[in-house]
Amino acid sequence: MNIAEAKTEIKNAVRIYLKKQDGDYVIPIGKQRPILLIGAPGIGKTAIMSAIAEELDIGYVGYTITHHTRQSAIGLPFITKKTYGGKEYSVTEYTMSEIVASVYDAIEKQGKKEGILFIDEINCVSETLAPAMLELLQNKKFGPHKIPDGWILCSAGNPREYNKSVNELDMVTLDRVKKIVVEPDYEAFSLYAANNAIHEAISSFLALNRDYLFKAEKTLDGFEFVTPRGWEDLSLALKEYENSGIEVTPPFIFEYLQCEEISSAFYSYYKMFGKYKEVYSGDGIENGTLTLDLSSASFEERYAISEILKSKVIAIAESTMILSEALKIIDDEIASLKNGGDFKARATYYENKAMSASRRKKAVYKSVIGVLNDDNPIKKAEEERKYYENFGKEGAKKTDNVLLFGERVLGKKQELTSALSGMIASEDFVAFLAEFGSEEFYRLNDELLIGEDLEKRAKEILGR
């Protein structure tokens, strides 16, 4: 399965493991199989674990086990005295495992009694740690210390072809875990890109070259590889290079895409993409002031423009819906605190949550913190509400301008259809449409027969 499907499987497993009836877990702790996710490096295994915890509003602790010694994983031995049959003996016991202790720390700091303990590279440990990992998967224990009830054990590992340190797990162990095998998949990455602001040059390049999303090949000179993680990290670096006015060079690209063929192809595409910097870095399209002649443009150039239009519309929607999400949190906080409560303390709570949150959640919490730290949070919340309503209406106008520009320069052809389909992939955009609408989007959607049931999808997204 792909990484998006794996995320759904894991999320559903965590949900049923944490379900209670009459105060007890419906599935007993001993029958809650640890999750073992096996897949190539760099395809998003680690990222989905923290995302699941964030979406389910539970705690999260993550460890790469290969960074640990036997002592830090299991605990240090010490001698204690015990009496058996009236006679005192010296007995070896162990301090609490650093990893188990970190779960208890998370319970205190994150305020979550339930959560995910994620152990990465679990099948790549040294021989001295291998028995401890088997004990962990089979009995949810590090040495004598159990993982706290309510904390779901999730783990990940690489197939042997990508890591010579892999230790194959025996049938006895595999019969006690929920094993999920995941493969690189362009469609899953495309959906992720639409919701995580991946650079337009990367998303359009991969749409035209889907086989370049992932490559891992052993050559005489070593491994040549490109991974989804490499593309995402390159996206972040590209944006900062552009913001800082630093020249993008072939060696810079190769640092992230360690395959000469793919890095060279992307560099050439990026240079072509740079011809339209005014289109993607300025606000002329949103304001309806920019004109562009694509009559002699190549298909690649036209497709690049369609990707820019898609990204601009999604960015408008995301910034609006981030504020919407923040306002919901603010309203809940004010309702619980207005009769007497410490707004500053709650602001500190969200500051702590923001430290380990995703890019999008950080933006949400930033707005929440700004209101809760204000001298008059209730008044500030009212001001934010009015600003949000105006911001959303203005966003709808900008969205219409972007779409009119797209129709004018691309025509009602494949490239524009692709842009509209990509917009629908964004949850923020669908939610934005449901609240503020866009006459031009609905018109083009009907004329181009995109075929998406927007009303049904909006209900699914808004109902989560």
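Residues numbered from 1 in each chain as written. Predicted model: local features only at pLDDT ≥ 70, side-chain atom pairs only at ≥ 80, totals over all residues. Heavy atoms only, no water.

Looking now at the overall build of the protein. For the protein, the helix and strand inventory stands at 21 helices and 13 strands. Once local pairs closer than 6 in sequence are excluded, the contacts in the protein between residues at least 24 apart make up 74%. In the structure as shown, the protein presents an accessible area of about 23600 Å², 49% of it carried by carbon and sulfur atoms. (Helix = DSSP H or I, 4+ residues; strand = E, 2+ residues; numbered from the N terminus. Contact = heavy atoms within 4.5 Å. Areas by Shrake-Rupley, 256 points an atom, 1.4 Å probe, with all protein chains shown as cover.)

Residues other than glycine seldom take positive phi values, yet Asp22 does so here, at roughly 55°. The residue Asp22 is located in the loop between β1 (20-21) and β2 (24-25) in this model. Positive phi is not limited to glycine here, since Asp57 has a value of about 55°. Within the fold, Asp57 resides in the loop between α2 (45-56) and β4 (59-64).

Looking at the element boundaries, Gln32 is found in the loop between β2 and β3 (35-39). Since its relative accessible area comes to 6%, Gln32 is described here as buried. Leaving out residues up to four positions away in the same chain, Gln32 has contacts with Tyr17, Tyr25, Ile27, Lys140 and Ile152. (Buried < 20%, exposed > 50% of the residue type's maximum accessible area, 1.4 Å probe, protein only.)

Next up on the list: helix α17 (residues 377-410). Here α17 spans 47 Å end to end across 34 residues, near enough to the 50 Å set by a 1.5 Å rise per residue. Gly411 lies just past α17 and shows a positive phi near 75°. (Expected span 1.5 Å × (residues − 1).)

In this section: the nonpolar core. Nonpolar side chains in soluble globular proteins tend to be buried together. In this structure, Leu206, Trp231, Leu234, Phe266 and Ile305 are the most contacted members of the largest nonpolar core, which totals 83 residues. Looking at this core element by element, the count peaks at 16 residues for helix α14 (residues 299-337). Aside from chain neighbours lying at most four places away, what touches Leu234 is Ile202, Phe252, Ile253, Tyr256, Leu257 and Phe266. Ranked by size, the runner-up nonpolar core spans 26 residues in total, among them Ile3, Ile10, Cys154 and Ala188. (Core = buried A, V, L, I, M, F, W, Y, C linked by side-chain atoms within 4.5 Å.)

So, about the confidence of the model for the protein. Averaged over all residues, the pLDDT of the protein equals 85, while 90% of them reach at least 70. For the protein, the element scoring lowest by mean pLDDT is helix α21 (residues 454-462), at 59; helix α10 (residues 250-254) scores highest, at 95. (pLDDT = per-residue confidence, 0-100.)

This paragraph deals with the side chain of Glu384. Here Glu384 shows up in helix α17. Buried within the structure, Glu384 lacks any salt-bridge partner; its nearest side chain of opposite charge belongs to Lys380, at an N-O separation of 4.2 Å. Each residue touching Glu384, except ones within four places of it in the same chain, is listed here: Leu323, Leu327 and Val371. (Lys, Arg positive; Asp, Glu negative; His and termini not counted. Salt bridge = Lys/Arg side-chain N within 4 Å of Asp/Glu carboxyl O.)

Our focus in this paragraph is the packing of α14 against α17. When two helices pack together, their arrangement is given by the angle between the helix axes and by the axis-to-axis distance. The interhelical angle for the contact between α14 and α17, taken along N-to-C directions, is 165°, at an axis separation of 10 Å. Our classification of the angle between α14 and α17 gives roughly antiparallel. Both α14 and α17 take part in a crossing whose hand is left-handed. Its residues assigned to classes, the contact of α14 with α17 shows 19 nonpolar, eight polar and five charged. (Axes fitted to C-alpha atoms, helices over the stretch in contact; angles between N-to-C directions. Parallel < 35°, antiparallel > 145°, perpendicular 65-115°, else oblique. Left-handed = near helix turned anticlockwise from the far one by under 90°. Nonpolar A, V, L, I, M, F, W, Y, C, P; charged D, E, K, R; others polar.)

Our focus in this paragraph is the environment of Ile305. Relative to the elements of secondary structure, Ile305 occurs in helix α14. C-alpha separation for the pair Ile305 and Tyr280, spaced 25 residues apart in sequence, amounts to 8.4 Å. The contact partners of Ile305, leaving out residues within four places of it in the chain, are Tyr276, Val279, Leu292, Leu294, Val409 and Leu410.

Attention shifts here to the pattern of salt bridges. For the coordinates displayed, the defined rule picks out 22 salt bridges. As a salt-bridge pair, Arg385 and Asp331 come within 2.4 Å of each other at their nearest N and O atoms. Taken together, the residues Arg385 in helix α17 and Asp331 in helix α14 connect sequence positions 54 residues apart. Overlapping salt bridges bring together Glu407, Lys412, Glu440, Arg443 and Glu447 as one network.

So, about the sheet that holds β3. Strand pairing in a sheet is mediated by backbone hydrogen bonds. Such pairs are either parallel or antiparallel. Strand order in the open sheet made by the five strands is β4-β7-β10-β3-β11, with parallel pairing throughout. In the strand order of this sheet, the two ends are held by β4 and β11 (178-182), each with one partner. Pairs of neighbouring strands in the sheet enclose a mean axial angle of 20°, with direction left out of account. Direction of pairing for β3 relative to β11: parallel, over a ladder of five bridges. Across the sheet, the residue bridging to Ile38 is Val181, located in β11. Helix α1 (residues 3-18) contacts β3, β7 (115-120), β10 (151-157) and β11 of the sheet and is inclined by roughly 165° relative to β11. (Pairing = 2+ DSSP bridges.)

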